[in-house]
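Tertiary structure, described
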Amino acid sequence: MSVDILFRIAGIGIIVTVIAQVLTRAGRDDIAMLATLSGLIVVLVMVVNMVSDFFSSVRSLLAF
Amino acid sequence: MGLRIILAGVVVVGATLCGKALSDAARQRASALGTLVEDVKRLRVHMVSMFEPVPDSLARAESPLLRQVGEGMRGGLSAGEAWAQVRRGRSFRAGPGNVLLREDREALDRLFGKLGESGRESQEVLLSGTAEQLERLEAAAREKAGAAERLYVTLGLLVGLLLAVIVI
């Protein structure tokens, strides 16, 4: 597993947090919530892809 | 690697410029109100001090809206009727009228509803009152435009960084 993905997830988390903070201070709480949820969905998709690749690798390994 | 960094930079700059473009509408409104304030003040001087007819004074305005009202008045309409005609026109929504908000249009409705229909002193009070109201709206619009520009440029930069991290 590449370590890049971890840095990418951390970067997305930090940037999404800052976006949410900027929007909250500007009084756009609903859009801040949407931004946070969008970031969460993007990261979840990335994690799901990684887990899926992991299980595929394990399956191919055990199937010989 | 170098190409990725360049691409990330392009994405960030592009998104920031998009954010700046989004804040343009707020700035245009402040600018339009500023033009209207100057025109109303000029109108007051020409009409009240120099006794110039209303259509001629309006024809010299910088704002295209006031010039169109002046043209309508030269065609025989009253100020209110000419303004109503301008508001119904397609060029209003597609052009300078597009950036004005409801309170801006209401101030102009009040102005044109009574323009040229009473004595000199009443006209001076009407024009002075409208100029003050438009100045207040302009000040508020400039403040909003500044805040909107800062917000959208910051958001554009952050979204650009996010896209650069996700995609590149």
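All values derive from a computational prediction rather than experimental measurement.

Description of the overall build of chain B
Counting its secondary structure elements, chain B contains eight helices and zero strands. Seen along its three principal axes, the alpha-carbon backbone of chain B occupies a region of about 75 × 30 × 25 Å. Every one of the 168 residues in chain B was classed for burial, and the buried ones make up 33%. Residue pairs in contact within chain B that sit at least 24 positions apart in sequence constitute 73% of those at least 6 positions apart.

What to know about the overall build of chain A
Counting its regular elements, chain A contains two helices and zero strands. For a compact globule of 64 residues, the expected C-alpha radius of gyration is about 11 Å, and chain A comes in at 16 Å, more than 25% above that figure. Summarising its shape, the C-alpha atoms of chain A cover approximately 55 × 20 × 5 Å along the three principal directions. Taken across its 64 residues, chain A has 11% of its residues classed as buried.

Considering the interface of chain B and chain A
At the interface, eight residues of chain B touch 10 residues of chain A. Among the residues forming the side of chain B that touches chain A, the class breakdown is seven nonpolar, one polar and no charged.

Remarks on the confidence of the model for chain B
Per-residue pLDDT for chain B has a mean of 88; in total, 100% of the residues score no lower than 70. Overall fold confidence for the complex sits at a pTM of 0.74, while the interface term, ipTM, reaches 0.81.

Examining the nonpolar core
Residues Leu33, Val40, Val69, Ala79, Trp83, Phe112 and Leu134 of chain B are the most contacted members of the largest nonpolar core, which totals 30 residues. Of all elements in the fold, only helix H2 (24-49), helix H3 (54-59), helix H4 (64-74), helix H5 (79-88), helix H7 (102-114) and helix H8 (120-167) of chain B reach the threshold of two or more residues within this core. The element best represented in this core is H2 of chain B, accounting for seven residues. Residue contacts for Leu134 of chain B: discarding those within four places in its chain leaves Leu33, Leu36, Val37, Val40 and Ala107 of chain B. Counting 15 residues, the second largest nonpolar core, distinct from the first, contains Ile19 and Ala35 of chain A together with Tyr152 and Ala164 of chain B.

Regarding the environment of Leu58 of chain B
Residues and elements named next belong to chain B. Along the polypeptide, Leu58 turns up in helix H3. A tally of 29 C-beta atoms within 10 Å means that Leu58 is categorised as buried. Note: C-alpha distance between Leu58 and Arg4 (54 residues apart in sequence) is 57 Å. Sequence-distant contacts of Leu58, that is, excluding residues within four places in its chain, are made with Leu66, Arg67, Val69, Gly70 and Met73.

Describing unusual backbone geometry
With a phi close to 55°, Phe51 of chain B is a non-glycine residue in the positive phi region. Relative to the helices and strands, Phe51 of chain B resides in the loop between H2 and H3.

Let's talk about the packing of H5 of chain B against H7 of chain B
Residues and elements named next belong to chain B. Closest axis-to-axis distance for the H5/H7 pair is 6 Å, and the angle between their directions is 145°. Counting all contacts with H5, which are made through Ala79, Gly80 and Trp83, the residues of H7 involved are Leu108, Phe112 and Gly113. Split by residue class, the contact of H5 with H7 holds four nonpolar, two polar and no charged.

Concerning the environment of Gly9 of chain B
Within the fold, Gly9 of chain B resides in helix H1 (residues 2-22). With 152 residues separating them in the primary sequence, Gly9 of chain B and Leu161 of chain B have C-alpha atoms 8.5 Å apart.

Details of H1 of chain B
All names here are of chain B. Between its terminal C-alpha atoms H1 stretches 30 Å, which fits the 30 Å expected from 21 residues at 1.5 Å a residue. Within H1, the full set of buried residues consists of Ala15, Thr16 and Gly19. Angular distribution of buried residues about the axis of H1 spans 100°; they occupy a single face of the element. Exposed side of H1, more than 90 degrees from the buried face: Gly2, Leu3, Ile6 and Ala21 are the residues found there. In this fold, the buried residues of H1 make contact with H8.

A short note on the packing of H4 of chain B against H5 of chain B
Residue and element names in this part refer to chain B. Relative to each other, H4 and H5 sit at 125°, their axes nearing to 8 Å. For the element pair H4 / H5, the angle class is oblique. In the crossing of H4 with H5, the sense of the turn from one axis to the other is right-handed. Within the contact between the two elements, H4 uses Leu65, Gln68, Val69, Gly72 and Met73 and H5 uses Ala79, Ala82, Trp83, Gln85 and Val86. Each residue belonging to the contact of H4 with H5 can be placed in one class, and the counts come to seven nonpolar, three polar and no charged.

Here is what the cut-offs are and how they apply
Residues numbered from 1 in each chain as written. Chains lettered and ligands numbered in written order. Predicted model: local features only at pLDDT ≥ 70, side-chain atom pairs only at ≥ 80, totals over all residues. Helix = DSSP H or I, 4+ residues; strand = E, 2+ residues; numbered from the N terminus. Buried ≥ 20, exposed ≤ 12 C-beta atoms within 10 Å, placed from the backbone. Contact = placed C-beta atoms within 7 Å. Rg over C-alpha atoms; globule rule 2.2 N^0.38 Å. Nonpolar A, V, L, I, M, F, W, Y, C, P; charged D, E, K, R; others polar. pLDDT = per-residue confidence, 0-100. Core = buried A, V, L, I, M, F, W, Y, C linked by C-beta atoms within 7 Å. Axes fitted to C-alpha atoms, helices over the stretch in contact; angles between N-to-C directions. Expected span 1.5 Å × (residues − 1). Arc of directions from axis to C-beta. Parallel < 35°, antiparallel > 145°, perpendicular 65-115°, else oblique. Left-handed = near helix turned anticlockwise from the far one by under 90°.

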